[in-house]
Amino acid sequence: MSLHGDYDAGNIFAKILRGEAPCFKAFEDEVALAFMDLFPVAKGHTLVIPKRAAARNFLELPDAEVGPYMQRVQRVAKGVARALEPDGVTIFQFNGAPAGQTVFHLHFHVVPRWEGEPMGQHGKTPMADKADLEALAAKISAAITAS
Ligand code: 5GP
């Protein structure tokens, strides 16, 4: 799927937003929802998606939504850092299939990093253990709530 086209309301993140598919939630307010990536490239890999806009990618996010959404991305990143105490945090985001995007509802990836531990290859990692994801989501959520 290229940069141009219509938003498909049947995408998996739209289903998660509507409560039609499950997720392990780390944060939610009126602007954004954050949940654990099912195929993490590192322990604690979290996705942050906007709730109000049907934006397939960052270029489609309305101007007025950019600031509030990016505040939530930073808030989640700080929560991940507080909860898991990594040595670093990688934040990335893809626009369009040729750029590496596979789910076409805008999302930022927040990935905690540890010294000497390479990140897994995007799209090539196995599904995580659901009990682990549940525990990580609870830990990150508690760290965000406490901030
Ligand atoms: P993209 O490639 O679009 O930047 O990232 C999509 C991300 O969504 C990938 O990291 C992938 O592992 C994750 N993902 C794909 N399907 C699901 C799902 O059903 N639930 C969750 N939580 N993550 C998913």
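Residues numbered from 1 in each chain as written. Predicted model: local features only at pLDDT ≥ 70, side-chain atom pairs only at ≥ 80, totals over all residues. Heavy atoms only, no water.

Draft legend 1. View of the overall build of the protein. In terms of helices and strands, the protein carries 3 helices and 5 strands. Seen in sequence order, the protein has helices and strands lined up from the N terminus as α-β-β-β-α-β-β-α. Over its C-alpha trace the protein gives a radius of gyration of 14 Å, about what one expects of a compact globule, namely 15 Å for 147 residues. Burial analysis of the protein (147 residues in total) assigns 45% to the buried set. Contacts in the protein between residues far apart in sequence, at least 24 positions, make up 64% of those at least 6 positions apart. For the protein, the computed accessible surface area is about 7600 Å², with 54% contributed by carbon and sulfur atoms. For the protein, the separation between the mean place of its 15 positive charges and that of its 17 negative charges on side chains is 2 Å. (Helix = DSSP H or I, 4+ residues; strand = E, 2+ residues; numbered from the N terminus. Rg over C-alpha atoms; globule rule 2.2 N^0.38 Å. Buried < 20%, exposed > 50% of the residue type's maximum accessible area, 1.4 Å probe, protein only. Contact = heavy atoms within 4.5 Å. Areas by Shrake-Rupley, 256 points an atom, 1.4 Å probe, with all protein chains shown as cover. Lys, Arg positive; Asp, Glu negative; His and termini not counted. Charge placed at Lys NZ, Arg CZ, Asp CG, Glu CD.)

Draft legend 2. Expanded view of the site of the ligand. Contacts to the ligand come from 16 residues, most closely from Asp-37, Thr-102, His-107, His-109 and His-122. The separation between a nitrogen atom of the ligand and a polar main-chain atom of Met-36 is 2.9 Å. Taking Asp-37, its side chain carries an N or O atom lying 2.5 Å from an oxygen atom of the ligand. Protein contact buries 88% of the 520 Å² of open area that the ligand shows by itself. Only α1 (12-17) and β2 (32-36) provide two or more residues apiece to the shell around the ligand. (Near = heavy atom within 4 Å. Polar contact = N/O pair within 3.5 Å; in protein donor to acceptor, adjacent residues only side chain to side chain.)

Draft legend 3. Local environment of the packing of helix α2 (residues 63-84) against helix α3 (residues 130-145). Across the interface, α2 lies against α3 with an axial gap of 8 Å and an inter-helix angle of 110°. In terms of their interaxial angle, α2 and α3 are classed as roughly perpendicular. Taken as a pair, α2 and α3 cross one another with a handedness that is right-handed. Residues Arg-75, Val-76, Gly-79, Val-80, Arg-82, Ala-83 and Leu-84 of α2 pack against Leu-136, Lys-139, Ile-140, Ala-143 and Ile-144 of α3. (Axes fitted to C-alpha atoms, helices over the stretch in contact; angles between N-to-C directions. Parallel < 35°, antiparallel > 145°, perpendicular 65-115°, else oblique. Left-handed = near helix turned anticlockwise from the far one by under 90°.)

Draft legend 4. Focus on the packing of aromatic side chains. Taken as a whole, this structure holds 4 aromatic pairs when the rule is applied. With a centroid separation of 5.3 Å and an interplanar angle of 75°, the aromatic rings of Phe-13 and Phe-35 are classed as edge-to-face. On the criterion of sequence distance, the pair formed by Phe-13 in helix α1 and Phe-35 in strand β2 is long-range, its members being 22 residues apart. With relative accessibility at 2%, the residue Phe-35 sits in the buried group. Joined through ring pairs, the aromatic side chains of Phe-58, Tyr-69 and Phe-108 make up one cluster. (Phe/Tyr/Trp six-rings, centres within 6.5 Å; stacked < 30°, edge-to-face > 60°.)

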